[in-house]
Amino acid sequence: MKIDFRKIKFNRKQIGITLILLGLMAVMISGGEIFKDKLREVALMEADMNIMKEVSNDQPKVTFDIPEDWTISTKPYTSNNLIYYSEYTSRESTLNGYIKVFTSEEDISEMIKNDKRMVKASYRLEDYKTENIKARDKSAHLVSYIFYNEKKEAFYAKEYYVKDRKNTIKMCFHITQDSYKDNMLIAFQTILESFRIEIN
(Lines give C-alpha, C1' and ligand atoms only; values in the text may rest on other atoms or scores of the structure.)
Protein backbone atom coordinates (compact mmCIF):
# COMPACT_ATOMS: atom_id res chain seq x y z
CA MET A 1 0.00 0.00 0.00
CA LYS A 2 1.38 3.36 -1.04
CA ILE A 3 0.76 6.49 0.97
CA ASP A 4 0.24 9.72 -0.95
CA PHE A 5 1.87 12.28 1.40
CA ARG A 6 0.45 15.09 -0.75
CA LYS A 7 -3.03 14.28 0.52
CA ILE A 8 -2.04 14.33 4.17
CA LYS A 9 -2.97 17.58 5.90
CA PHE A 10 -0.39 18.90 8.32
CA ASN A 11 -1.36 21.15 11.20
CA ARG A 12 1.15 23.93 10.60
CA LYS A 13 0.32 25.67 13.85
CA GLN A 14 0.92 22.49 15.85
CA ILE A 15 4.17 21.81 14.01
CA GLY A 16 5.31 25.38 14.66
CA ILE A 17 4.58 25.10 18.39
CA THR A 18 6.41 21.75 18.55
CA LEU A 19 9.48 23.20 16.83
CA ILE A 20 9.48 26.20 19.19
CA LEU A 21 9.26 23.91 22.23
CA LEU A 22 12.12 21.74 20.94
CA GLY A 23 14.19 24.88 20.39
CA LEU A 24 13.46 26.15 23.91
CA MET A 25 14.41 22.76 25.38
CA ALA A 26 17.74 22.86 23.55
CA VAL A 27 18.40 26.40 24.83
CA MET A 28 17.49 25.41 28.40
CA ILE A 29 19.80 22.38 28.32
CA SER A 30 22.78 24.30 26.97
CA GLY A 31 21.96 27.33 29.12
CA GLY A 32 21.68 25.12 32.20
CA GLU A 33 25.24 23.87 31.72
CA ILE A 34 26.49 27.45 31.30
CA PHE A 35 24.61 28.47 34.45
CA LYS A 36 26.14 25.56 36.40
CA ASP A 37 29.63 26.56 35.25
CA LYS A 38 29.08 30.20 36.27
CA LEU A 39 27.66 29.13 39.63
CA ARG A 40 30.71 26.95 40.19
CA GLU A 41 33.07 29.83 39.33
CA VAL A 42 31.31 32.20 41.75
CA ALA A 43 31.27 29.59 44.54
CA LEU A 44 34.99 28.90 44.09
CA MET A 45 35.77 32.63 44.21
CA GLU A 46 33.68 33.18 47.36
CA ALA A 47 35.40 30.21 49.01
CA ASP A 48 38.84 31.59 47.96
CA MET A 49 39.46 28.42 45.96
CA ASN A 50 39.16 29.73 42.41
CA ILE A 51 42.85 29.32 41.48
CA MET A 52 43.73 25.64 41.28
CA LYS A 53 46.93 23.69 40.75
CA GLU A 54 47.31 20.13 39.55
CA VAL A 55 48.79 17.54 41.88
CA SER A 56 50.31 14.42 40.34
CA ASN A 57 51.84 11.17 41.50
CA ASP A 58 53.64 8.47 39.50
CA GLN A 59 53.04 5.22 41.41
CA PRO A 60 50.13 4.85 41.19
CA LYS A 61 49.43 7.43 38.48
CA VAL A 62 47.23 10.01 40.22
CA THR A 63 46.18 13.53 39.25
CA PHE A 64 43.76 15.97 40.86
CA ASP A 65 43.31 19.70 41.45
CA ILE A 66 43.51 21.58 44.74
CA PRO A 67 43.61 25.33 45.55
CA GLU A 68 46.94 26.90 44.66
CA ASP A 69 47.81 27.98 48.21
CA TRP A 70 47.20 24.59 49.84
CA THR A 71 50.15 22.44 50.86
CA ILE A 72 50.07 18.73 50.18
CA SER A 73 52.26 15.79 51.19
CA THR A 74 52.16 12.15 50.15
CA LYS A 75 52.25 9.77 53.09
CA PRO A 76 53.67 6.24 53.38
CA TYR A 77 51.16 3.40 53.19
CA THR A 78 50.08 2.02 56.54
CA SER A 79 48.33 -1.12 55.32
CA ASN A 80 48.61 -3.62 52.49
CA ASN A 81 45.39 -2.56 50.76
CA LEU A 82 46.21 1.18 50.83
CA ILE A 83 47.55 2.20 47.41
CA TYR A 84 47.58 6.03 47.70
CA TYR A 85 47.51 8.44 50.64
CA SER A 86 48.08 12.20 50.75
CA GLU A 87 47.21 14.98 53.20
CA TYR A 88 46.50 18.64 52.45
CA THR A 89 46.21 21.84 54.49
CA SER A 90 44.95 25.32 53.61
CA ARG A 91 47.26 28.33 53.89
CA GLU A 92 45.72 29.48 57.18
CA SER A 93 45.51 25.90 58.51
CA THR A 94 41.75 26.34 58.99
CA LEU A 95 41.14 23.37 56.68
CA ASN A 96 42.88 20.05 56.53
CA GLY A 97 42.08 16.68 55.09
CA TYR A 98 43.30 13.73 53.12
CA ILE A 99 42.73 11.41 50.17
CA LYS A 100 43.02 7.66 50.55
CA VAL A 101 42.65 5.05 47.82
CA PHE A 102 42.54 1.42 48.80
CA THR A 103 41.46 -1.91 47.41
CA SER A 104 38.48 -3.29 49.27
CA GLU A 105 35.57 -5.63 48.68
CA GLU A 106 33.76 -4.08 51.63
CA ASP A 107 30.47 -2.34 50.91
CA ILE A 108 30.75 1.44 51.26
CA SER A 109 27.79 1.58 53.67
CA GLU A 110 29.60 -0.80 56.01
CA MET A 111 32.79 1.19 55.63
CA ILE A 112 30.97 4.37 56.62
CA LYS A 113 29.53 2.65 59.72
CA ASN A 114 32.97 1.42 60.76
CA ASP A 115 34.52 4.85 60.24
CA LYS A 116 31.75 6.44 62.31
CA ARG A 117 32.46 4.06 65.20
CA MET A 118 36.17 4.95 65.11
CA VAL A 119 35.51 8.70 65.04
CA LYS A 120 32.97 8.46 67.88
CA ALA A 121 35.58 6.66 69.98
CA SER A 122 37.79 9.77 69.86
CA TYR A 123 35.47 12.77 69.37
CA ARG A 124 32.03 14.06 70.27
CA LEU A 125 29.85 14.17 67.15
CA GLU A 126 26.82 16.28 66.24
CA ASP A 127 24.48 16.56 63.23
CA TYR A 128 25.75 13.34 61.65
CA LYS A 129 24.15 12.50 58.30
CA THR A 130 24.87 10.63 55.08
CA GLU A 131 23.51 11.24 51.58
CA ASN A 132 23.89 9.77 48.12
CA ILE A 133 25.36 12.09 45.51
CA LYS A 134 26.84 11.95 42.01
CA ALA A 135 30.54 12.50 41.29
CA ARG A 136 30.88 12.75 37.54
CA ASP A 137 29.38 9.50 36.26
CA LYS A 138 29.79 7.61 39.53
CA SER A 139 27.59 7.18 42.56
CA ALA A 140 29.13 8.57 45.74
CA HIS A 141 28.33 9.05 49.41
CA LEU A 142 28.75 12.28 51.35
CA VAL A 143 29.07 12.08 55.14
CA SER A 144 28.63 15.33 57.08
CA TYR A 145 29.01 16.02 60.79
CA ILE A 146 30.44 18.39 63.40
CA PHE A 147 33.10 17.10 65.78
CA TYR A 148 34.98 18.60 68.73
CA ASN A 149 38.67 18.11 69.44
CA GLU A 150 40.32 17.79 72.85
CA LYS A 151 40.33 21.61 73.17
CA LYS A 152 36.53 21.60 72.56
CA GLU A 153 37.04 23.41 69.24
CA ALA A 154 34.33 22.65 66.69
CA PHE A 155 35.05 21.43 63.15
CA TYR A 156 32.83 20.71 60.18
CA ALA A 157 33.60 17.39 58.46
CA LYS A 158 32.74 16.62 54.83
CA GLU A 159 33.81 13.13 53.80
CA TYR A 160 33.29 11.60 50.37
CA TYR A 161 33.33 7.90 49.47
CA VAL A 162 33.46 6.79 45.82
CA LYS A 163 33.69 3.26 44.43
CA ASP A 164 35.95 3.06 41.37
CA ARG A 165 36.02 -0.52 40.07
CA LYS A 166 37.85 -2.54 42.77
CA ASN A 167 39.10 0.59 44.53
CA THR A 168 37.50 2.90 47.06
CA ILE A 169 38.36 6.59 47.15
CA LYS A 170 37.88 8.44 50.41
CA MET A 171 38.33 12.21 50.35
CA CYS A 172 37.95 14.22 53.57
CA PHE A 173 37.75 17.91 54.40
CA HIS A 174 37.78 19.15 58.03
CA ILE A 175 37.18 22.87 58.53
CA THR A 176 37.14 25.03 61.64
CA GLN A 177 33.59 26.10 62.45
CA ASP A 178 34.38 29.83 62.10
CA SER A 179 35.85 29.31 58.61
CA TYR A 180 33.17 27.07 57.14
CA LYS A 181 31.02 28.39 54.26
CA ASP A 182 28.20 26.50 52.55
CA ASN A 183 29.63 27.24 49.09
CA MET A 184 32.73 25.23 50.02
CA LEU A 185 30.71 22.12 49.09
CA ILE A 186 30.92 23.10 45.42
CA ALA A 187 34.68 23.51 45.77
CA PHE A 188 35.02 20.12 47.47
CA GLN A 189 32.95 18.47 44.74
CA THR A 190 35.16 20.12 42.11
CA ILE A 191 38.27 18.65 43.75
CA LEU A 192 36.61 15.24 44.04
CA GLU A 193 35.55 15.20 40.38
CA SER A 194 39.05 16.20 39.23
CA PHE A 195 40.56 13.07 40.83
CA ARG A 196 41.95 10.49 38.38
CA ILE A 197 43.84 7.30 39.11
CA GLU A 198 45.36 4.69 36.80
CA ILE A 199 46.55 1.38 38.18
CA ASN A 200 48.54 -1.05 36.06
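Look a little higher up for the structure.
These numbers were taken from a predicted model, which means no experiment stands behind them. (Residues numbered from 1 in each chain as written. Predicted model: local features only at pLDDT ≥ 70, side-chain atom pairs only at ≥ 80, totals over all residues. Heavy atoms only, no water.)

Focus: the sheet that holds strand E3 (residues 71–74)
So, point 1. Taken in spatial order, the seven strands of this open sheet run E3-E4-E5-E9-E8-E7-E6, and their pairing is antiparallel. The sheet is open, and its two edges are formed by E3 and strand E6 (124–135), each paired on a single side. Each strand axis lies, on average, 15 degrees off the axis of its neighbour in the sheet, ignoring direction.
So, point 2. Note that E6 and strand E7 (residues 138–148) share ten bridges and pair antiparallel. Counted as the bridge partner of Glu126 is Ile146 from E7.
So, point 3. Across the face of the sheet, helix H3 (residues 184–194) comes into contact with strand E5 (95–103), E6, E7, strand E8 (154–164) and strand E9 (167–176) while running at roughly 30 degrees to E8. (Pairing = 2+ DSSP bridges. Helix = DSSP H or I, 4+ residues; strand = E, 2+ residues; numbered from the N terminus. Axes fitted to C-alpha atoms, helices over the stretch in contact; angles between N-to-C directions. Contact = heavy atoms within 4.5 Å.)

Some details on the sheet that holds strand E1 (residues 52–57)
So, point 1. In space, the three strands of this open sheet follow the order E1-E2-E10, with antiparallel pairing throughout. Here the strands that pair on one side only, and so sit at the sheet edges, are E1 and strand E10 (196–198). The average angle at which neighbouring strand axes cross in this sheet is 20 degrees, direction not considered.
So, point 2. Here E1 pairs with strand E2 (residues 61–67) via six bridges, running antiparallel. Along E2, the bridge assignment pairs Lys53 with Ile66.
So, point 3. Those strands touched by H3 are E1, E2 and E10, and its axis lies near 160 degrees from that of E2.

Some words on the nonpolar core
So, point 1. Counting 28 residues, the largest nonpolar core has Phe64, Ile99, Val101, Tyr160, Met171, Phe173 and Phe195 as its most contacted members.
So, point 2. Secondary-structure elements contributing two or more residues to this core are E2, strand E4 (82–89), E5, E6, E7, E8, E9 and H3.
So, point 3. Beyond its immediate stretch of four places on either side in the chain, Ile99 contacts Phe64, Tyr84, Tyr85, Ser86, Tyr88, Ile169, Lys170, Met171 and Phe195.
So, point 4. In terms of nonpolar packing, the next biggest core, distinct from the first, is built from 16 residues, Met111, Leu125, Val143 and Ala157 among them. (Core = buried A, V, L, I, M, F, W, Y, C linked by side-chain atoms within 4.5 Å. Buried < 20%, exposed > 50% of the residue type's maximum accessible area, 1.4 Å probe, protein only.)

This is a description of form; function is not addressed.
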